[in-house]
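Spelled out, the chains give:
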Amino acid sequence: MSENEPVSDYPLLRFHKERERIVLETTRRALQTVLSQNQPEYILNDACLSEIRRLSEGHAQEEVRALSEWKRLWRSLGGKSRRMLEQDLERLIADYAQDVAGGFQKHVYTFASRVVAPALSLLLSPENPLKLPFHMLQEEALLSRLGERLQVTGPLAKLRALAARGTLVCVPTHLSNLDSPVMGYALQAAGLPPTTYGAGKNLFTNPILGFFMRNCGAYRVDRRIRHELYKDVLKTYSQVILERGYHSMFFPGGTRSRSGRVEGKLKLGLLGTALTATVEGFRRQAGLANGAAVRPIFVVPVTINQQLVLEAETLIADHLKETGKARFIIEDDESAQWQKVVDFARSMLTHTGAIVVRFSEPMDVLGHPVTDTGESIGPHGQVVDLARFFWVAQKPTHVAQRDTEYMNQTGTAIARAYRRDTVLLPTHLLAHVLWRKVTAALPGLDLYRRLRQPLDLHVSDADLCMEMSRLQQQLRNKRHVLGPVADGTPEQVIEAALGAFASYHTEPVALRTPSQAVTVVDRQLLYYYQNRVESLGDEP
Amino acid sequence: MTSLSVAVVGGGRWARALASFLLHNQRRLPDRISSVLHYCPPREMLRTGPDDNRAESEPAQVDVPAAIGEVPEVHAAHSAQQAERKQVTTIVASDLASADVIFLAVPAPAVRKVLRLAAPHLHGNQTAIHAIGSVIPASEEFPHTQLISQAIAELTPIRKIGVFAGPALAPDLEEFSPAALVCGSRFDEVGDQAIQVLSGHSLLVYKTRDLIGVELARAGSSVIALAAGVANILDLGTPARAILITRGAAEMARLAAKLGAEERTFFGLAGVGEYVAATERRGSADFELGRLLGQRVPLSDALRQVGRVCDGPAMVREAHILGHKHQVRTSIVSALYHLLHGKFDTKSALISLLSTDIHDERQ
């Protein structure tokens, strides 16, 4: 297969055939893992108590077990033999595994990816579709319109070659619930295979997103369940599908960035399964474990850069709440409101380069860069043998503490890639320049006062242009990536940003006044968008 | 337990003492150590360097028991006979590939060069533990101050990196007098390997995950030794030494905490433990340097007279800059800094060393 052809044969196509086997293998191995660490009554006790507490407090929704069942199970634990307890545990794990395993139907995926994208761009195009000339209505023309709005960049040919050779684990930055559909589109546009990914179970009940996700390879992660057993099942599931070569996607930020900052601290739990699966593969290769060969796993950091963020208002408001009041799971934000989504999509589709998805250089599970053929490159610039990093007395071995530390290092490598490959867009730059002005106008205040203190700030166009040009130069010197338009003249950047700011949010973030100046309207959102720029200076 | 092949890299006295000590352990405990290798990097590499202020302070590494591989870059003498007689095997850089654990003890300014030379022969399953009491100062080649562990990670494929600190001077290892080392590493395996090959007999080996803490505690010892040398020549007595050790540890701990270290590491073997040994009369080169500076010998002359590698002056400079950057009060470091730059006479330097306007011990 040539490097320039899209990958057409991908493992998700056989998921429906393998689904039951995957669930069975997950159950068997998760049971083995948890029993090697603890007694079954403790594991069940912990799960029961955690679930009884949660379900007594909140409303139940699509639960694996009802509150009464948990209570019955918990009361019965005392009198059971070890064998019976193990059977209970196995049943519970099997139910969780069934719940987690998503679905993938090729015809739905094809429908979603081939029809919905052009349909969206047609429906939302500013012109009346009936007046467009016929050739513009053809699929390619519509897709190319979307392609202008949503750009996909990075070492795509190399990624296609690696996807044919091994398993990709995409790890994008996370700002919005639209990120997963956007990634779905970006993978397709890049000629890369679709990935499976863990999506919050709450998103499946979202009427808009649920439709896209249910059959596009997502598996379900119930973030409300806090006990260890469930997490072990999730990790085992992820490991099993990676070992079977399913391209995967995780959002290592764990949840949408509330502040708008590029993620620095990453949650490495699920990503760690890529490392465990890799070690398992080396063990099988060396005849130390049974099972089919595991294809090499490549980690691909991705930055999803958005000119505007659908849920920005809700997210930044949550970020600025007093500590302890912030919510881990937000279900009632803009992404659950049709009108908001349509407004957003309309705004997005009228601005060139409104979303830029940038794939970073792929790395191995330890964060080493890899060659076009997937070999790991050491810091000294020479090929290194990845298997050796997992040796104990010349044999590939699972060592939990070592692998945790390895994961931390990979996490740092990913966070660095995010900073290197974040694409800055006009709104980020204008917000940063204006935020500096706000800071200068309100010196010595803490963030909260700086956001609330009355302020009548007018920045003249000339001043703004000068500051913008200076910021662009600073960012270029530090080798940050300026996206489409953001790399243009200061005037172009400012116009594009003001246009975008006026097009979607309840109130425009900043406005041009009649007196050739710009004034800030929503300081909270200004802070949110400027955080993108500011967080690039953090040392991960 | 699998027996390990260990290699010592370095030509100085401590490196040689460590190699002999390992050999002794191998004879006693053959199931722990399979072979002891010694690699002495080329002399010119250890001696020169664009920013090496010790260039003229050689001949270094003179007082060395010449038994162990005196001539560097000789040949891979892996003869079966030698292995049977259990000797330290002198090796060339490429033989480092066969070592499981590599101990690195070369002067800080030579570290990057030695690592570059060795890197092509190193692998991801190896462990590197260094015992270098300094950091790599910023230079034209590398604009930031760098920890030795960072240099190892940056230049070689090795990930399992550790560092030694503690009261175990070369004479202690040579004479088998009781001594102790702490091995700091993010990887538990590294500490376990250090314990496997070194502990027992006269040497206690502990482990901790606070890599940066151990590394900076070790680097701080040259500063404390320098100050103690000044105090010694002025005959200030034991209490003054005790003040330097404890307040010095507190100062280093404050500074290191800004870089991610745990403060408590500085009040254990790696910090106070090492400082007690380093501030002794027979102690380090920096102690001798301090004594000479206390007698108003100019720095360059003093360095020549000591004739051994002194990390103190460079570390004082680094700590001074770091203290400024992170706004940490560093009274001992500042006093030494001014002394080294001739801004203080000895007496006022000492007053400043041992005086404070802060009377809360926790500050």
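Residues numbered from 1 in each chain as written. Chains lettered and ligands numbered in written order. Predicted model: local features only at pLDDT ≥ 70, side-chain atom pairs only at ≥ 80, totals over all residues. Heavy atoms only, no water.

Chemist: Account for the overall build of chain B, with residues named and values stated.
Modeler: A tally of regular secondary structure across chain B gives 15 helices and eight strands. A fraction of 74% describes how many contacts in chain B between residues 6 or more apart in sequence connect residues 24 or more apart. Per element, the accessible surface of chain B, about 14700 Å² overall, is 54% carbon and sulfur. (Helix = DSSP H or I, 4+ residues; strand = E, 2+ residues; numbered from the N terminus. Contact = heavy atoms within 4.5 Å. Areas by Shrake-Rupley, 256 points an atom, 1.4 Å probe, with all protein chains shown as cover.)

Chemist: An account of the pattern of salt bridges is requested, with residue identities and associated values reported.
Modeler: Residue and element names in this part refer to chain A. Inspection of the entire model under this criterion finds 41 salt bridges over all chains. Ionic pairing is found between Arg29 and Glu25, a salt bridge with its closest N-O pair at 2.8 Å. Taken together, the residues Arg29 and Glu25, both in helix α1 (residues 15-37) and four residues apart, mark about one turn of the helix. For the pair shown, Arg29 and Glu25 are each scored as buried. (Salt bridge = Lys/Arg side-chain N within 4 Å of Asp/Glu carboxyl O. Buried < 20%, exposed > 50% of the residue type's maximum accessible area, 1.4 Å probe, protein only.)

Chemist: Give me the packing of aromatic side chains: which residues, what numbers.
Modeler: Under the definition given, this model contains eleven aromatic pairs over all chains. Relative to Tyr406 of chain A, the ring of Phe390 of chain A lies with its centre 5.7 Å away and its plane at 85 degrees, an arrangement referred to as edge-to-face. Placement of the pair is Phe390 of chain A in the loop between β9 (383-384) and β10 (391-392) and Tyr406 of chain A in helix α15 (residues 400-421), with a sequence separation of 16 residues. The pair formed by Phe390 of chain A and Tyr406 of chain A is uniform in burial state, with each residue classed as buried. Among the aromatic residues, ring-to-ring pairing joins Phe282, Phe390 and Tyr406 of chain A together with Phe187 of chain B into one connected group. (Phe/Tyr/Trp six-rings, centres within 6.5 Å; stacked < 30°, edge-to-face > 60°.)

Chemist: Would you mind going over the sheet that holds strand β13 (residues 458-460) of chain A in detail, with residue names and values included?
Modeler: Residues and elements named next belong to chain A. The sheet built from three strands is open, its strands ordered β13-β16-β15 with antiparallel pairing. Looking along the sheet, the strands with just one partner apiece sit at the ends: β13 and β15 (510-513). Taken pair by pair, the neighbouring strands of this sheet meet at an average axis angle of 30 degrees, ignoring direction. Strands in contact with helix α16 (residues 426-441) are β13, β15 and β16 (517-520); relative to β16, the strand with the most contacts, it is inclined by about 75 degrees. (Pairing = 2+ DSSP bridges. Axes fitted to C-alpha atoms, helices over the stretch in contact; angles between N-to-C directions.)

Chemist: Explain the interface of chain B and chain A to me, and be specific about the residues and the numbers.
Modeler: Counting residues at the interface gives 18 residues for chain B, matched by 18 residues for chain A. Together chain B and chain A conceal approximately 1600 Å² of surface at their shared face, both sides included; 51% is due to carbon and sulfur atoms. Considering only the surface of chain B that becomes buried against chain A, Asn125, Arg159 and Phe187 of chain B emerge as the three largest contributors, covering 37% of it. Counting across the chain B and chain A interface gives one salt bridge. Between Arg186 of chain B and Glu405 of chain A there is a salt bridge, with its nearest N and O atoms 3.2 Å apart. Inspection of the region where chain B meets chain A yields seven residue pairs in polar contact (both at pLDDT 80 or more). At the level of secondary structure, the elements contributing two or more residues to the side of chain B that touches chain A comprise α5 (148-155) and α7 (188-198) of chain B. For the side of chain B that touches chain A, the leading source of residues is α5 of chain B, giving three residues. (Buried area = accessible area lost by both parts, 1.4 Å probe. Polar contact = N/O pair within 3.5 Å; in protein donor to acceptor, adjacent residues only side chain to side chain.)

Chemist: Let's hear about the sheet that holds strand β4 (residues 101-104) of chain B: which residues, and what values?
Modeler: All names here are of chain B. Within the open sheet, the eight strands sit side by side as β3-β2-β1-β4-β5-β6-β7-β8. Their pairing is mixed. Each edge of the open sheet carries a strand with a single partner, namely β3 (89-90) and β8 (203-208). Running at roughly 175 degrees to β8, α7 makes contact with β1 (4-9), β2 (33-39), β4, β5 (127-130), β6 (160-165), β7 (179-185) and β8 of the sheet. Against the sheet, helix α8 (residues 211-233) contacts β5, β6, β7 and β8, and its axis sits at roughly 40 degrees relative to β6.

Chemist: So what's going on with a nonpolar patch on the surface? Residues and values would help.
Modeler: A cluster of nonpolar side chains, Leu234, Leu236, Ile243 and Leu354 of chain B, forms an exposed patch at the surface whose accessible area comes to about 300 Å². If you trace the backbone, Ile243 of chain B turns up in helix α9 (residues 238-257). (Patch = residues over 30% accessible without salt bridge, like charges linked within 9 Å, V, L, I, M, F, W, Y side chains within 5 Å.)

Chemist: I'd love a proper account of the pairing of strand β2 (residues 167-172) of chain A, names of residues and values included.
Modeler: Residues and elements named next belong to chain A. Summarising burial for β2: six of the six residues are buried, a large majority. What you see with β2 is no split at all: Thr167, Val169 and Val171 on one side and Leu168, Cys170 and Pro172 on the other are buried throughout. Relative to strand β6 (residues 297-306), β2 runs parallel, the two sharing six bridges. Looking across to β6, one finds that Leu168 is bridged to Phe298.

Chemist: Let's hear about the nonpolar core: which residues, and what values?
Modeler: By size, the foremost hydrophobic cluster in this structure holds 177 residues, and its most contacted members are Phe359 of chain A together with Phe103 and Leu198 of chain B. If you look at the next biggest cluster of nonpolar residues, it comprises 51 residues, including Ile245, Tyr275, Cys310 and Leu340 of chain B. (Core = buried A, V, L, I, M, F, W, Y, C linked by side-chain atoms within 4.5 Å.)

Chemist: Outline unusual backbone geometry, listing residues and values.
Modeler: Residues and elements named next belong to chain A. Positioned with a positive phi, Ala393 is a non-glycine residue whose angle comes to about 50 degrees. Tracing the chain through its elements places Ala393 in the loop between β10 and β11 (395-396). Residue Ala393 is classed as partly exposed on the basis of its relative accessible area of 37%. Residues other than glycine seldom take positive phi values, yet Gln516 does so here, at roughly 50 degrees. Classification of Gln516 as exposed rests on a relative accessible area of 59%.

Chemist: Please provide a residue-by-residue account of the environment of Ser185 of chain B, values included.
Modeler: Residues and elements named next belong to chain B. Residue position: Ser185 is located in strand β7. Residues Ser185 and Ala153, 32 residues apart in the sequence, show an inter-C-alpha distance of 13 Å. What Ser185 contacts, discounting residues up to four positions off in sequence, is Ile161, Gly162, Val190, Thr208, Arg209 and Leu211. Looking at Ser185, its side chain comes within polar contact range of the main-chain oxygen of Ile161, at 2.8 Å.

Chemist: Give a detailed account of helix α2 (residues 40-57) of chain A, specifying residues and quantitative values.
Modeler: Residue and element names in this part refer to chain A. With 18 residues, α2 extends 26 Å between its outermost C-alpha atoms, agreeing within 8% with the 26 Å of an ideal straight helix rising 1.5 Å per residue. Within α2, the full set of buried residues consists of Pro40, Ile43, Leu44, Ala47, Cys48, Ser50, Glu51, Ile52, Arg54 and Leu55. For α2, the secondary structure elements touched by its buried residues are α1, α3 (67-76), α4 (82-100) and α11 (228-243). (Expected span 1.5 Å × (residues − 1).)

Chemist: A description of the environment of Val306 of chain B should follow, citing residues and the corresponding values.
Modeler: All names here are of chain B. Tracing the backbone through its elements, the reader meets Val306 in helix α12 (residues 299-306). Classification of Val306 by relative accessible area gives buried; the value is 15%. Between the C-alpha atoms of Val306 and Asp31, which are 275 residues apart in sequence, the distance is 41 Å. Sequence-distant contacts of Val306, that is, excluding residues within four places in its chain, are made with Ala285, Glu288, Leu289 and Leu292.

Chemist: Tell me about empty space enclosed by the protein, residues and numbers included.
Modeler: All names here are of chain B. Within the structure shown, the criterion is met by seven cavities of 30 Å³ or more. Each pocket or cavity is described by its volume, and for the largest cavity that value is around 90 Å³. Lining the largest cavity, in full, are Val9, Leu96, Ile102, Leu104, Val114, Leu115, Ala118, Leu122, Ala128, Ile152, Thr156 and Ile158. Broken down by secondary-structure element, the contributors of at least two residues to the lining of the largest cavity are β4 and α4 (111-118). Among the elements that take part in the lining of the largest cavity, α4 stands out by supplying three residues, more than any other. (1 Å grid on protein atoms, 1.4 Å probe; cavity = no way out; pocket = protein on both sides within 12 Å on 5 of 7 lines; lining within 4 Å. Points joined across faces, edges and corners; volume = space filled by probe spheres on them.)

Chemist: Go over the layout of surface pockets with me, naming the residues and quoting the values.
Modeler: Residue and element names in this part refer to chain A. By volume, the second largest pocket amounts to about 1100 Å³. The wall of the second largest pocket is formed by 36 residues, among which Arg29, Thr33, Gln239, Thr276 and His398 lie closest to the centre. Where the lining of the second largest pocket is concerned, the elements lending two or more residues are α1, α11, α12 (269-285) and α15. Across the lining of the second largest pocket, the residue classes break down as nine nonpolar, 15 polar and twelve charged. (Nonpolar A, V, L, I, M, F, W, Y, C, P; charged D, E, K, R; others polar.)

Shape is all these values report; function is a separate question.
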